[in-house]
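# Structural features, examined
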Amino acid sequence: MASSDLDERFARTLHHRNARLAAGDPLAPPIVPTSTYWLPGDPAGEYQYGRWANPTWAALEGALGELEDAEVVTLPSGMAAIAAVFYATLKQGDRVLLPSDGYYTTRALAEKFLVPLGVRFDTCATAEVERAPLQGYRLVWVETPSNPGLDVADIAAVARRAHAVGALVVVDNTTMTPLGQRPLELGADLVVSADTKGVAGHSDVLFGHVAARDASLIAQARDWRRHAGCIPGPFEAWLVHRGLETLELRFERMCGNAEALAARLADHPRVQRVAYPGLAAHPAHALARRQMRRFGALIGLTLPDRDAAERFIGGCRFVRPATSFGGVHTSAERRARWGDAVPEGFIRLSVGCEPQEALWADLKAALDHL
Ligand SMILES: *Cc1c(COP(=O)(O)O)cnc(C)c1O
């Protein structure tokens, strides 16, 4: 999608409620905490019971749907969105290909709850999936850039090859948001997003969504939500709607910061390695330029060892030691503490919206003191 088209789409996202508003209506979407609706006689209308529909979810789905240019189902967390896709698309005997280096809990969910139901899965590294044999899979799962290694997969190439053998392609677009990467336009069938991260952006809510252009796929995900009861709260939906309104500003700032910092970090003598798709040294830099609109706000940073990494994180004033990413505040963590297959000194740095020079001065001082 051309930049001007995406600008138009984000402007429409901001104004998506206008056409439905009448004089005196609140401009902000109302938070509607209700389990039941006024429902005399034969059931009719959109709002009948709180597990099936809620006006605050609908407001957020309207905004996200405008941004994704697709139908959207909101869920109470990123993992709930991933579970919705699994349960909406898979049956006994199906096989799934998952990234070996992607978000760990996606694989854990498959291992603990899909395998006992007769769904098998294999894993493949993100950088290899465009060449992997795809015959026999019902779902091919892509996470790009992968979390935390930031390897990049060619979504269009995977979609072409998967569709040729009758598989569906799902992209976990959490690290990029719909502003940074457009998987549905590249041929993916479904997108999942942990809106907990950049979309909500303020580290104060867990949330997720599924997007698809195929009406039957999205209907299945919605039906799963309704029957499983895995529904978002109206307060949380409202927070995400509010966060989404500044996504474009925050994302531009965070990516601009990350692009500048990645290059400077790569030049610092205490840093062994920087993984960032925006650097020419990244093995998939050319693909990243083609496929992504920006290079994202995550930087993989390798320091000599565990001690140096912990001292670096502890030595920064403007870096919060925390897991998760995509928030207004810069945060960092050593991923080996969770058992990820990365060196002990590997840090996932989530670059925030702080003024760039103040942030760089802080990171540099902490590195200089190691
Ligand atoms: C955080 C994350 C998830 C899970 O989201 P939750 O809201 O924590 O359930 C899924 N995929 C990716 C890539 C993530 O980073």
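Residues numbered from 1 in each chain as written. Predicted model: local features only at pLDDT ≥ 70, side-chain atom pairs only at ≥ 80, totals over all residues. Heavy atoms only, no water.

Below, the discussion takes up the sheet that holds strand β1 (residues 71-75). One open sheet holds the seven strands; their spatial order is β1-β7-β6-β5-β4-β2-β3, and the pairing between them is mixed. At either margin of the open sheet sits one strand with a lone partner, and together these are β1 and β3 (120-124). When the angles between neighbouring strand axes are averaged without regard to direction, this sheet yields 20°. In terms of strand pairing, strand β2 (residues 95-99) meets β3 through five bridges, oriented parallel. Each residue of the ladder has a partner; that of Leu 98, found in β3, is Thr 123. The strands that helix α2 (residues 55-68) touches are β1, β6 (190-193) and β7 (208-212); relative to β1, the one it contacts most, it runs at about 135°. (Pairing = 2+ DSSP bridges. Helix = DSSP H or I, 4+ residues; strand = E, 2+ residues; numbered from the N terminus. Axes fitted to C-alpha atoms, helices over the stretch in contact; angles between N-to-C directions. Contact = heavy atoms within 4.5 Å.)

Below, the discussion takes up the site of the ligand. Taken together, 15 residues lie near the ligand, and Gly 78, Met 79, Asp 172, Thr 196 and Lys 197 sit nearest. The fraction of the free accessible surface of the ligand (380 Å²) that becomes covered by protein chains is 93%. Residue contributions to the shell around the ligand peak at three residues, all from helix α3 (residues 78-89). Classifying every residue of the shell around the ligand gives seven nonpolar, five polar and three charged. (Near = heavy atom within 4 Å. Areas by Shrake-Rupley, 256 points an atom, 1.4 Å probe, with all protein chains shown as cover. Nonpolar A, V, L, I, M, F, W, Y, C, P; charged D, E, K, R; others polar.)

One finds Leu 265, Val 274, Ile 299 and Phe 312 to be the most contacted residues of the largest nonpolar core, which totals 54 residues. Only α1 (3-14), α2, α8 (234-244), α9 (247-267), β9 (298-302), α11 (306-315), β12 (346-350) and α12 (356-368) provide two or more residues apiece to this core. Looking at which element gives the most residues to this core, the answer is α9, with seven residues. For this core, the two domains that each supply at least three residues are domain 1 (3-244) and domain 2 (248-368). What Val 274 contacts, discounting residues up to four positions off in sequence, is Ala 262, Leu 265, Ala 266, Leu 279, Ile 299, Gly 300 and Leu 301. (Core = buried A, V, L, I, M, F, W, Y, C linked by side-chain atoms within 4.5 Å. Buried < 20%, exposed > 50% of the residue type's maximum accessible area, 1.4 Å probe, protein only. Domains from an automatic or database assignment.)

Turning our attention to the side chain of Gln 291. Among the structural elements, Gln 291 can be located in helix α10 (residues 285-291). Of the polar contacts made by the side chain of Gln 291, one reaches the backbone oxygen of Ala 153; its length is 2.7 Å. (Polar contact = N/O pair within 3.5 Å; in protein donor to acceptor, adjacent residues only side chain to side chain.)

We now examine helix α7 (residues 215-228). An α-helical turn contains 3.6 residues, so any two residues separated by three or four positions project in the same direction. Taking 1.5 Å per residue as the helical rise, α7 with its 14 residues ought to reach 20 Å, and the 20 Å between its terminal C-alpha atoms agrees with that figure. Taken as a whole, α7 has its buried residues at Leu 217, Ile 218, Ala 221, Trp 224 and Arg 225. Down the axis of α7, the buried side of the element spans an arc of 115°, and every buried residue falls inside it. Elements in contact with the buried residues of α7: α2, β1, α3, β5 (168-172), β6 and β7. Among the residues trailing α7, Gly 229 stands out with phi positive, at a value near 75°. (Expected span 1.5 Å × (residues − 1). Arc of directions from axis to C-beta.)

The subject of this paragraph is the packing of α3 against helix α4 (residues 104-114). Interaxial distance between α3 and α4 falls to 11 Å at its minimum, and their mutual angle equals 45°. Taken together, α3 and α4 sit at an angle that is classed as oblique. Remark: the crossing between α3 and α4 carries right-handed chirality. When α3 is examined against α4, the residues Met 79, Ile 82, Ala 83, Phe 86 and Tyr 87 are found in contact with a partner set consisting of Thr 105, Thr 106, Leu 109, Ala 110, Phe 113 and Leu 114. Grouping the amino acids of the contact of α3 with α4 by side-chain chemistry returns nine nonpolar, two polar and no charged. (Parallel < 35°, antiparallel > 145°, perpendicular 65-115°, else oblique. Left-handed = near helix turned anticlockwise from the far one by under 90°.)

For the protein chain, the domain assignment lists domain 1 (3-244) and domain 2 (248-368). Across the domain 1 to domain 2 interface the summed buried area is about 2,300 Å²; carbon plus sulfur atoms make up 60%. Three residues stand out in domain 1 for area buried against domain 2, namely Pro 148, Leu 150 and Val 152, and they jointly supply 25% of the buried area on that side. Counting across the interface, domain 1 meets domain 2 through one salt bridge. Across the salt bridge formed by Asp 154 and Arg 290, the nearest N and O atoms sit 3.5 Å from each other. When contributions to the side of domain 1 that touches domain 2 are tallied by element, the ones reaching two or more residues are α1, α5 (155-164), α6 (177-180) and α8. Residues that form the side of domain 1 that touches domain 2 fall into these classes: 15 nonpolar, 14 polar and four charged. (Buried area = accessible area lost by both parts, 1.4 Å probe. Salt bridge = Lys/Arg side-chain N within 4 Å of Asp/Glu carboxyl O.)

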